[in-house]
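# A look at the structure
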Amino acid sequence: MSELNINPKIYPIGSVVYFIKKYGHEWEVSYGIVEEHYVDTICLQLYELLDTRLINGIPIKDFITPTRWHKLPKGWSYDTKLFEITYGEYPHDPKDYNLKNPNDILKAIEDGILVKVQDNDHARIRDEIDSKLGWRICREYPIYEHHPTYTSIRYYDVYGSYNEAMKVIHEHDAEFKRQSELSDYDWSVEQIDKELNRWAYMYSISVEEKQRYREWILSLDKVEDVEIRILQGTIQWKYCKNKRWMNIEI
């Protein structure tokens, strides 16, 4: 990472890079094409598989909605299928491309297997039935669905290879594993140390003074039930089950 936190622009515009997509504690590797460089971030164009849906045999991009109104078919009931969605073939088999390989990603884009997210129509195709007009086919775009087309990533969170990004995920998962194997006491001591270190950094507390506070806190009974916090430059503590925070006098 640059000391000035400035993007060194090591990835050319148009090149494939990888980043980590985070869903809470679950992380996975994703990719994008470098679109633009900023001072400390990189803008990526996102890609996805070509949408091959066919509506009554017509590619979704060519299917015009809403259709005209039709009479409901004879014998209609609520489970009657009024239209059919099938899937067309890709220009080439997507399985022939390895998304862990930047060259394969570029080839998949060139071959039309991968397309810019904004070039796919993410509509849901549904029927609309009206007691006076009949039925028709229309598009629906649920407000709870989001399909990002671009994303911006801090330059130091962008990786030139899949394996580099995957290594970060392995380290992330290993840390969760390490924490899960700690005793309640060791877990509590780690949290106490984190807060003491933050306090020392924020208020220029000497190593010796921080150590005195640490020894005082760790001398308490049931350290595994102790929590501390910073308040106006001081350290306070309490047992988890209690509401009252107390100052420490050393």
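Up top is the structure these notes are about.
Just so it is clear, the model here is predicted, and its values are computed rather than measured. (Residues numbered from 1 in each chain as written. Predicted model: local features only at pLDDT ≥ 70, side-chain atom pairs only at ≥ 80, totals over all residues. Heavy atoms only, no water.)

Here we come to the side chain of Gln236. By secondary structure assignment, the location of Gln236 is in strand S13 (residues 234–239). A polar side-chain atom of Gln236 sits 2.9 Å from a polar atom in the side chain of Arg229. Among the polar contacts made by the side chain of Gln236, one reaches the side chain of Asn247 at a distance of 2.8 Å. Setting aside anything within four residues of it in sequence, one finds Gln236 in contact with Glu227, Ile228, Arg229, Leu231, Trp245, Met246 and Asn247. (Helix = DSSP H or I, 4+ residues; strand = E, 2+ residues; numbered from the N terminus. Polar contact = N/O pair within 3.5 Å; in protein donor to acceptor, adjacent residues only side chain to side chain. Contact = heavy atoms within 4.5 Å.)

With that settled, the discussion passes to the environment of Asp221. Considering the arrangement of structural elements, one finds Asp221 in the loop between helix H4 (207–218) and strand S12 (226–231). In this structure the C-alpha to C-alpha distance between Asp221 and Lys132, which are 89 residues apart in sequence, comes to 76 Å. Setting aside residues up to four positions removed in sequence, Asp221 forms contacts with Val226 and Tyr239.

What follows covers the pairing of S12. Side chains of S12 alternate between two faces, with Val226, Ile228 and Ile230 buried and Glu227, Arg229 and Leu231 left unburied. Relative to S13, S12 runs antiparallel, the two being bridged by six bridges. Bridge pairing in S13 links Val226 to Tyr239. Counting the residues between successive antiparallel strands, the hairpin from S12 to S13 contains two residues, one of them, Gln232, with a positive phi of roughly 50°. (Buried < 20%, exposed > 50% of the residue type's maximum accessible area, 1.4 Å probe, protein only. Pairing = 2+ DSSP bridges.)

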